[in-house]
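Examination of the molecular architecture
Letter by letter, the chains look like this.
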Amino acid sequence: MTAAAVARLVAVEAIRDLAHRYTHLVDEGRLEAVAELFSRAVYGQCDGHGTPVGSVRDSDPAGVLGACRSFIRMHGTPPRPRTKHVVTNLRVDIADDHRTATSLSYFTVLQQTDTLALQPILAGRYFDAFAVIDGEWTFTQRLTCVDLTGDLSEHATRAL
């Protein structure tokens, strides 16, 4: 295996870990850590082609935190959204310099609460970009395209 192939594999694994770190943080209700994860990123919603729509935050952790808090309904003590975010079909494209990358993935959000049976409530795609900053892979973009919605009554505090 060539050095370039090894560098690509290392980058892909680091990016996959970063993409999955988000799912754990949001499902644990650690919204401040979610905001920090996107502190150097363009963050918001997009259309079906990955083009930003509506309010997009650029390197604004306070804005990301506010967006999360204004949308995600918490349940119980400690407060958690009672969700499981599942990321699949993650395709990663590493730039030739091995310092930037993009990815496209599917997500499905499952939820169960005291009044909602276990079910999928959201499905869509993440259009992500990454860069090596201070020696670590970091999000530089997270645009979310919601393709399918279910019962959001126990998850969302406002409309999408």
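Here's what I pulled together on the structure shown here. Note that the coordinates shown come from a computational prediction; the quantities given were computed from them, not determined experimentally.

Take unusual backbone geometry next. A cis geometry characterises the amide bond from Thr77 onward to Pro78, with omega recorded as -5°. Following the sequence through the fold, Pro78 ends up in the loop between helix H3 (61–71) and strand S3 (83–94). Even without being glycine, Asn89 reaches a positive phi, approximately 50°. With respect to the helices and strands, Asn89 occurs in strand S3. Its identity is not glycine, yet His98 carries a phi of approximately 60°, on the positive side. Mapped onto the elements, His98 comes out in the loop between S3 and strand S4 (100–111).

We now examine the pairing of strand S6 (residues 136–149). Bridge count for strand S1 (residues 42–46) against S6 is 4 bridges, and the pairing is parallel. Paired with Val42 across the two strands is Gln141, which belongs to S6. Where strand S5 (residues 119–133) and S6 come together, 12 bridges link them in antiparallel fashion. Paired with Val132 across the two strands is Trp137, which belongs to S6.

We now examine the side chain of His155. Structurally, His155 can be placed in the segment after S6. Judged by relative accessible area, His155 falls into the buried class, the value being 3%. Leaving out residues up to four positions away in the same chain, His155 has contacts with Phe71, Ile72, Arg73, Pro81, Thr83, Gln111, Ile121 and Leu122.

Quick notes on the rules
Residues numbered from 1 in each chain as written. Predicted model: local features only at pLDDT ≥ 70, side-chain atom pairs only at ≥ 80, totals over all residues. Heavy atoms only, no water. Helix = DSSP H or I, 4+ residues; strand = E, 2+ residues; numbered from the N terminus. Pairing = 2+ DSSP bridges. Buried < 20%, exposed > 50% of the residue type's maximum accessible area, 1.4 Å probe, protein only. Contact = heavy atoms within 4.5 Å.

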